[in-house]
Amino acid sequence: MTQAPGEPKKLYIKTYGCQMNVYDSERMAEAMGAEGYVLTETVEEADLVLLNTCHIREKAAEKVYSDLGRLRPFKEAKPDLKIGVAGCVAQAEGAEILARMPLVDLVVGSQNYHRLPAMVKAAEAGEQPVDTEFPAEDKFDLLPERPVQARPTAFLTVQEGCDKFCAFCVVPYTRGAEISRPVARILSEAERLVAKGVREITLLGQNVNGYHGEGQGGAWGLGRLVRALARIDGLVRIRYTTSHPNDMADDLIEAHGAEPKLMPYLHLPVQSGSDRVLKAMNRKHTAEDYLRLIERIRAARPDIMLSSDFIAGFPGESDADHQASLDLIRSVGFGAAFSFKYSPRPGTPAANREGVPSEVADARLQELQALITSQQRAAQESMVGRSVGVLFEKPGRMAGQWGGKSDYLHAVHVSAEGIGPGTLARVRITAAGPNSLAGVLA
Ligand code: 5AD
Ligand code: SF4
């Protein structure tokens, strides 16, 4: 199919993995928007397909290759179609992607999105550009300003990369060393978002509570940044993710007690409940450290909803270690949590260690998931009869129904007049389903 004259080119983006990728995909769409591209929901219509990929576990990385295979007939039908691989698989594998999948036209690493428009032009000229260098400049400074956002919630990346080097994790290699964006840039981006109608901002970073951006008088921690953001009129909710227990500074914990705009939900991955495994993972904290930290956070904000990540079957994990993870889950009581089967990642220290048999890891994963699910259900059910703040985002599936998120990040549905995107209301929860709550305006 040839393009009608004057018709804008169309961009299809598929995003894998974490919220940082969601944010990056939006910024890539904006960068290409400045070149005249508009977003499309279908590959058939697209002139440019971008896969914004995730390398965190093998399954995520392999999915990219099977999706690339599925793009082949589209490319055959429309030879002008350009296909780009972005994100962490691009960063980690670079030109190898072209060798394995020659239909790919460009490979852009996660730090180089400001160069995307030039790379697309090079691809159109018949080149196969690859850029996975860690540039000296900050990609965010060079990307165009964010245009109008029609949604009440937005992500804002404040920090990228990680220096923690957990033995299983590719992030320090794919996203590079920890960098924090300067305070002034974050505040002005937040102000612009709020001026366009955004009411809730989630601050993003691989290690977001390790934030130490340049601000007035020196480096600011995340607690101070949150308090400065909270002074923006019209911004009603602030969240942040993902955090490391060792970076949970006192002033951030205090902010949870003192700053009503900071929502009572915290994702704080612990990975394991066994000190032996935590040591082998290079986590640099014990299970007891984590439990004491949770006590301090709950002392500041008693109703806080906690969430975490766990890995099943890390190399060397014994049955007793696994039981220690279950014990930790029981003693904390999580509102939500995620568990993953250990996946050896090339280039990480743990990749060379002898693994736990796959069936054993599977069985442990199931046990973790069953316990987590039961805690999650109990947490959902404990909401029934309570009144909670809900920020509505979009119409629900049924006519007259609106969906939004509670202060504790539950999905909530309400059928009522007068609700629109961005309405913040008190809702009395009347019923709990496995994945969402129903309620009435209080
Ligand atoms: N195998 C399994 N899970 C992993 N995670 C990170 N790397 C691996 C890996 N190699 C999990 C951790 C992390 C979450 C984002 O993904 O639990 O917190
Ligand atoms: Fe990976 Fe998080 Fe550990 Fe950093 S702190 S290495 S991102 S698991």
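What counts as what
Residues numbered from 1 in each chain as written. Chains lettered and ligands numbered in written order. Predicted model: local features only at pLDDT ≥ 70, side-chain atom pairs only at ≥ 80, totals over all residues. Heavy atoms only, no water. UniProt positions renumbered as here; feature names shortened; annotations may be inferred. Helix = DSSP H or I, 4+ residues; strand = E, 2+ residues; numbered from the N terminus. Rg over C-alpha atoms; globule rule 2.2 N^0.38 Å. Contact = heavy atoms within 4.5 Å. Areas by Shrake-Rupley, 256 points an atom, 1.4 Å probe, with all protein chains shown as cover. Lys, Arg positive; Asp, Glu negative; His and termini not counted. Charge placed at Lys NZ, Arg CZ, Asp CG, Glu CD. Pairing = 2+ DSSP bridges. Axes fitted to C-alpha atoms, helices over the stretch in contact; angles between N-to-C directions. Near = heavy atom within 4 Å. Polar contact = N/O pair within 3.5 Å; in protein donor to acceptor, adjacent residues only side chain to side chain. Nonpolar A, V, L, I, M, F, W, Y, C, P; charged D, E, K, R; others polar. Domains from an automatic or database assignment. Buried < 20%, exposed > 50% of the residue type's maximum accessible area, 1.4 Å probe, protein only. Salt bridge = Lys/Arg side-chain N within 4 Å of Asp/Glu carboxyl O.

An unreviewed UniProt entry lists the chain under the name tRNA-2-methylthio-N(6)-dimethylallyladenosine synthase, from Rhodobacter maris. Taken directly from UniProt, the Subunit (unreviewed entry) text for the chain runs: "Monomer."

J.: When you look at the overall build of the chain in this model, what are you seeing that I'm missing?
T.: The helix and strand tally for the chain stands at 14 helices and 21 strands. Over its C-alpha atoms the chain spans a radius of gyration of 22 Å, differing by no more than 12% from the 22 Å that the globule rule assigns to 442 residues. Reported as C-alpha extents along the three principal axes, the dimensions of the chain are approximately 60 × 60 × 50 Å. Contacts in the chain between residues at least 24 apart in sequence constitute 71% of all its contacts with a sequence separation of at least 6. Summed over all atoms, the accessible surface of the chain reaches about 19200 Å², with 53% contributed by carbon and sulfur. The positive charge centre, built from 51 side chains, and the negative charge centre, built from 56, are 3 Å apart in the chain.

J.: Which parts of the structure should I look at to understand the sheet that holds strand S6 (residues 130-131)?
T.: Within a sheet, each strand pairs with its neighbour through backbone hydrogen bonds, oriented either parallel or antiparallel. The six strands lie next to each other as S2-S1-S3-S4-S5-S6, forming an open sheet whose pairing is parallel. At either end of the open sheet lies a strand with only one pairing partner, and these are strand S2 (38-39) and S6. As paired strands, strand S4 (residues 82-86) and strand S5 (residues 106-108) are joined by three bridges and run parallel to one another. Residue Ala 86 lies in a different strand from S5, and its bridge partner there is Val 108. The strands touched by helix H1 (residues 19-33) are strand S1 (10-15), S2, strand S3 (48-53) and S4; relative to S1, the strand with the most contacts, the crossing angle is about 170°. Against the sheet, helix H5 (residues 116-124) makes contact with S3, S4, S5 and S6, and its axis sits at roughly 165° relative to S5, the strand it touches most.

J.: Would you explain the site of ligand 1 in this entry?
T.: All residues in the neighbourhood of ligand 1 are listed as Ile 56, Arg 57, Phe 168, Gln 271, Asp 309, Ile 311, Phe 340, Lys 341, Tyr 342, Ser 343 and Arg 345. At a separation of 2.7 Å, an oxygen atom of ligand 1 approaches a polar side-chain atom of Arg 57. Here ligand 1, which alone exposes 400 Å², has 87% of that area covered by the protein. Secondary structure elements with two or more residues in the shell around ligand 1: strand S15 (305-312) and strand S16 (336-341). Looking at side-chain class alone, the shell around ligand 1 contains five nonpolar, two polar and four charged residues.

J.: Explain the UniProt feature "domain: MTTase N-terminal" (unreviewed entry) in the chain to me, please; I cannot follow it from the model alone.
T.: Using the residue numbers shown here, the UniProt feature "domain: MTTase N-terminal" (unreviewed entry) corresponds to residues 9-125. Helix makes up 48% of residues 9-125 and strand 19%. Its end C-alpha atoms lie 16 Å apart.

J.: Explain the domain arrangement of the chain to me, please; I cannot follow it from the model alone.
T.: For an interface, size is often stated in terms of accessible area lost upon the parts coming together. In terms of domains, the chain is made up of domain 1 (10-131) and domain 2 (387-441). Computed over C-alpha atoms, the centres of domain 1 and domain 2 are 35 Å apart.

J.: Is there a simple way to think about the site of ligand 2 in this case?
T.: Lining the immediate surroundings of ligand 2 are Cys 162, Lys 164, Phe 165, Cys 166, Phe 168, Cys 169, Val 171, Pro 172, His 244 and Arg 283. When grouped by side-chain class, the residues that make up the shell around ligand 2 number seven nonpolar, one polar and two charged.

J.: I tried to follow the UniProt feature "binding site: [4Fe-4S] cluster 1" (unreviewed entry) in the chain on my own but got confused; where do I start?
T.: Cross-referencing UniProt, the feature "binding site: [4Fe-4S] cluster 1" (unreviewed entry) maps to Cys 18, Cys 54 and Cys 88 in the present numbering. With the annotated positions falling across 71 residues, the maximum pairwise C-alpha distance of 10.6 Å places them together in a single cluster. Inspection of the secondary structure assignment puts Cys 18 in the loop between S1 and H1. For Cys 18, a relative accessible area of 36% corresponds to the partly exposed category. Judged by its relative accessible area of 10%, Cys 88 is buried. Setting aside chain neighbours within four positions, we find Cys 88 in contact with Thr 53, Cys 54, His 55, Thr 174 and Arg 175.

J.: Just to check I follow, could you spell out the pattern of salt bridges for this structure?
T.: Enumeration according to the criterion identifies 30 salt bridges in this entry. In this structure, Glu 26 and Arg 151 form a salt bridge, with 3.1 Å as the shortest nitrogen-oxygen distance. With Glu 26 in helix H1 and Arg 151 in the loop between helix H6 (139-142) and strand S7 (153-157), the pair connects residues that are 125 residues apart, well separated along the chain. Using a relative accessible area of 17% as the deciding quantity, one classes Glu 26 as buried. In this structure, Glu 189 and Arg 181 form a salt bridge, with 3.0 Å as the shortest nitrogen-oxygen distance. For Glu 189, a relative accessible area of 2% gives the class buried. Bridged by salt links that share partners, the residues Lys 14, Lys 63, Asp 67 and Arg 70 form one connected network.

J.: Teacher, can you tell me more about unusual backbone geometry here?
T.: Of all residues except glycine, most have a negative phi; of all peptide bonds, most are trans. Along the chain, Thr 241 connects to Thr 242 via a cis peptide bond; the corresponding omega equals 5°. Turning to its location among the elements, Thr 242 is positioned in the loop between strand S13 (237-241) and helix H10 (250-258). One non-glycine residue, Gln 271, lies in positive phi territory at about 75°. Structurally, Gln 271 is set in the loop between strand S14 (265-267) and helix H11 (275-280). Note on Gln 271: relative accessible area 8%, which makes it buried.

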